[in-house]
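Chain and residue survey
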Amino acid sequence: MTDTAQRLAEIRGGVPPRRHNARTIAALTGNPGCTRRAVLDSAGVDKPKLAERIGFPARFGQSRFAITRGNAFEAQVKADGGTELLRLVAERLGVPVPAGATWTDLGGAEDLPDRHERFRAALTGGGDEPALFDHPLLGLDVAGRRVHLEPDLVAARLGGRFHVVEIKSFPVIDGQADPAKVSAAAIQSAVYVLALRELLAAEGHDPELVSHEVVLVCPRDFANRPVASLLDVRKQLLVLRRQLDRMDRIEDLLGDVPAGFTADLAADPAALTAALSGVPARYAPECLAACELAYFCRHEARGHTTALGRPVREALGGIADVGEVLALADGVRASDPEQAEAGALLRAAARLRADALAGSPS
Amino acid sequence: MSTLRALAKAQAVAAGLAQPVATVRHLHLSDRPLVVVPLAMAGEANAPLAAMVGAARDEARLLVVPQPRNRDQRFAFAAELAGIVLLYLDSFRGVSEAVPVDRGKDVRYRYVDAPQLLVPNPAGITFLRLFGRSTRFRRPDGDYPVHPSVPLLGRWLTFFAERAEHPGSAALVAMTEALTLHWATGQSAVEDLHLPALLGWLDPPPGSIGAEAAAWAEDPEVCPPAGPATDPDFDNRRLAPAMAAYVEADGDPAARSAAYAELERLLRGQLTPTWELMWRGVGLLRALPSGARVAGRWDGDKDAFTGYAEYVDDGGGPQPRRDGAVAAAVRLHRLERALTSYAVQRAYDDPLVMAEHRLTGEAFVGDVTLADPKRVDDTGKRPVLRPRIQVVTTEPVLVPVGATLYSPARPGQKAKVVFLTPGADGKTEVVLELSGGMGRGLTAPPGTVPEVGERLCFTTLSDAFLPAGNFPATEETPWTHGGPPTVGPVPESGDGDPAEEWT
């Protein structure tokens, strides 16, 4: 075990690392500047449990109605050996619909290494006839550790190229879908594209055989009939690679972390809170939708302008502390030379606000 | 985010209470708004689960869909909602008023008032838009007939959703947006989308501060979300068993009505807190005096309502799924003009909004120190009245000589900057030459020229009429925009097979 791995294991405590999936890897790209998050995620700390332990439980529940609907739609699309799916994907990619394709379901209860090997063989061994691979097992290095991904996903080989096919149950209505859901799907798909490319490259194939165009299959309008759309994930691939590279250099980040820092769930909550406070975070309101620790970080960021959102902080001249903003605005505090401009702006704003509230003409 | 608004947010944090960012109300508020609080079924494509609807606090009607995946029940819900909404709309179609057009040579008629729909948040508007989309193409005849009121409701909901995109319209309003237009909280914009938390900052319970009230409101156990999305915990632990009980009771009338009553009880419990918050929001907004130009914008909503009612009466069809190129360009242009004029009107109506423009140098306030109301310019072909005034201000004046300014106190008058003299004491003397708004003669009627001692605001923002752009006819759509639309086969109804299984 390397020093870094040893250090991360200490941070995690005596439990095995939490398993990553595409969703958690995709979430890593959300706030790349946050050291606290990068360290905890690299160590594989169970953040939902940690948040609960320190009294700030995350709220990322999923309705069972949504899960049922998602599973039903996926089963429907994959029915009949993927005939309908093959037609949808081929038509969307603009290639002739093949008379048939091999359907390989790689899901199963066998051991991980075995499945991984089977997928590698299936993917790189055959020729380039049309083929669909369900439940592929993919691997990706995250923070120096091999992470296995078991996506509910189909990799399609059509016209000699591989395409990631993502089946999602949110509707596409008149050609438009919820932008937040589409972008979440795009970044998750990018994780799979990246993993597929690494697998091909490791076998000496051209990684570009995996297309950056992902096929998204969703229900159309208000019914259950599927419709396929193309998503270009090149941008997401760049973002993802940058963040994964950054996590590979976790040693540098660990330099910012106090020695003896631990997020061991067995520790006393007060000790955990104190330990976490020693690792710098970069809270933004967007974290609330992406990170399990966000409610804790928000509590910690009270009184800081960042907690109000980046546009607010910028409009306040980049001053970090609410108390300082108000002191500068009231003229109680003289501004440092580097804050001179922000101080003048805030004083003018405070004067105008008071003037207007007192009934100046408009 | 303007610095002034950001400062108000910082002050809200320090005070523990939301701070005003407006001194007047910038939207029309009906005496009888129809409050609609919808809930949607998780995972489904905009499937209604329940709604609480009514035009007064004590007139709440609860609509429930016991099996949201069942298509017949969805359309039964739509018909029931149509019964309430269409009746409400009809109540505004009694009395008309005459409006002069074409410089008074002609008149047209419009209804004296218009309906107003209030929903909790922007997601509520999206829900109504998509519900309108899912119902407006349905037919009362053919293979899968629906009640005739269903497609009509769909068209009206689509009308309201389109109005909601029109800046300054008050036909369909999200309560969170109406409130944040007037108050700044000590939390972020994302958190302001949660109506209970927002009202926690605006009106915290006695003895607590905004941040505490907002944190309390974030716990779905004690404060249900304001929809349309439900709390997943509520779905899993309470709603799913109650729905299952309803399905199992099939064939046993007594058990079925008991199961239905239980569903109603659960959903009423989720909706009632939001219903109460909506009316508290209405009360807070009502307490503000209305801005001077609000009525003018509401006239635009009355025009739109009258126009669409007449279109429907004349047998007009449902709105297309997508606008054509020309229609889209015209619509975009209209929205841009409305956005510009809405921003200017709010500044004219409200010194606190104007202060944002003063901070950026687009406006200044000063005292009139000299006035020559009788000045006549006779250098041209015929003499014209051009009074001059001198205004002294302590604010930075960033406009150049020659610029045209306007004063909200006399919006029909232009003031050209003639001289700018910065003084040593940080004050600036501005000499302005006035034209317009003083009648046709060579003597200005009393009150049309500012007098010495008056304190006035001058701004580069103009509330003058913005001329409409010219757009080609649909059949002359340029090739850059796809060319004239081809008359092809009418697209399929687009809703898939209505008999399709939903589970």
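Residues numbered from 1 in each chain as written. Chains lettered and ligands numbered in written order. Predicted model: local features only at pLDDT ≥ 70, side-chain atom pairs only at ≥ 80, totals over all residues.

Thoughts on the overall build of chain B
Going by this rule: Secondary structure elements follow DSSP: runs of H or I of four or more residues count as helices, runs of E of two or more count as strands, with numbering from the N terminus. Between the buried cut of 20 or more and the exposed cut of 12 or fewer other C-beta atoms within 10 Å of a residue's own C-beta lies the partly exposed class, and all C-beta atoms are placed from the backbone. Note on contacts: each residue gets a C-beta atom placed from the backbone, and two residues are in contact if those atoms are within 7 Å.
For chain B, the helix and strand inventory stands at 13 helices and 17 strands. When each of the 503 residues of chain B is scored for burial, the buried share is 41%. Within chain B, contacts between residues at least 6 apart in sequence are counted, and of these 64% link residues at least 24 apart.

A few points about the pairing of strand β6 (residues 161-167) of chain A
Residues and elements named next belong to chain A. So the rule is basically this: The rule for pairing is simple: two strands pair if DSSP sees at least two bridges between them. Consider the strands pointing away from the viewer: the crossover is right-handed when the path from the first strand over the helix to the second runs clockwise.
Burial runs high along β6: six of the seven residues are buried. With six bridges connecting them, strand β5 (residues 153-158) and β6 associate as antiparallel partners. Its bridge partner lying in β6, Val-154 is registered against Val-165. Hairpin connection, β5 to β6: the antiparallel pair is bridged by two residues, and Gly-159 has positive phi, about 55 degrees. Pairing of β6 with strand β7 (residues 213-219), which is carried by three bridges, proceeds in the parallel orientation. The partner of Ile-167 across the bridge, within β7, is Val-217. As a crossover connection, the stretch from β6 through helix α8 (residues 179-202) into β7 is right-handed.

Points about the domain arrangement of chain A
Selection rule: Boundaries of every domain are those given by an automatic assignment or by a domain database.
For chain A, the domain assignment lists domain 1 (64-243) and domain 2 (307-357). Averaged C-alpha coordinates put domain 1 of chain A and domain 2 of chain A at centres separated by 50 Å.

Thoughts on the domain arrangement of chain B
When the domains of chain B are assigned, the result is domain 1 (3-319) and domain 2 (351-459). Listed by partner, the interface residues are five residues for domain 1 of chain B and six residues for domain 2 of chain B.

Side note on helix α2 (residues 71-90) of chain B
Residues and elements named next belong to chain B. Rules: What a helix should span is 1.5 Å times the count of its residues minus one. Throughout, bend refers to the angle between the axes fitted to the seven residues that end at a position and the seven residues that start at it.
Look at α2: 28 Å from first C-alpha to last across 20 residues, which is about the 28 Å you get at 1.5 Å a residue. Along α2, the sharpest kink reaches roughly 25 degrees, centred on Ala-82. Listed in full, the buried residues belonging to α2 are Arg-74, Phe-75, Phe-77, Ala-78, Leu-81, Ala-82, Val-85 and Leu-89. If you follow the buried residues of α2, they end up packed against β2 (34-40), β3 (48-54), β4 (61-64), α3 (122-135) and α4 (149-164).

Quick word on the nonpolar core
Buried together is how nonpolar side chains tend to be arranged in soluble globular proteins. Cut-off, in case you're wondering: By convention the nonpolar core is taken to be a set of buried residues drawn from Ala, Val, Leu, Ile, Met, Phe, Trp, Tyr and Cys and joined through C-beta atoms within 7 Å.
Counting 222 residues, the largest nonpolar core has Leu196(A), Leu346(A), Leu7(B) and Phe160(B) as the members making the most contacts within it. Considering each element in turn, this core owes the most residues, 10 residues, to α8(A). Once residues lying within four places of it in the same chain are set aside, the contact partners of Leu7(B) are Leu316(A), Ala329(A), Leu346(A), Ala349(A), Ala350(A) and Arg353(A).

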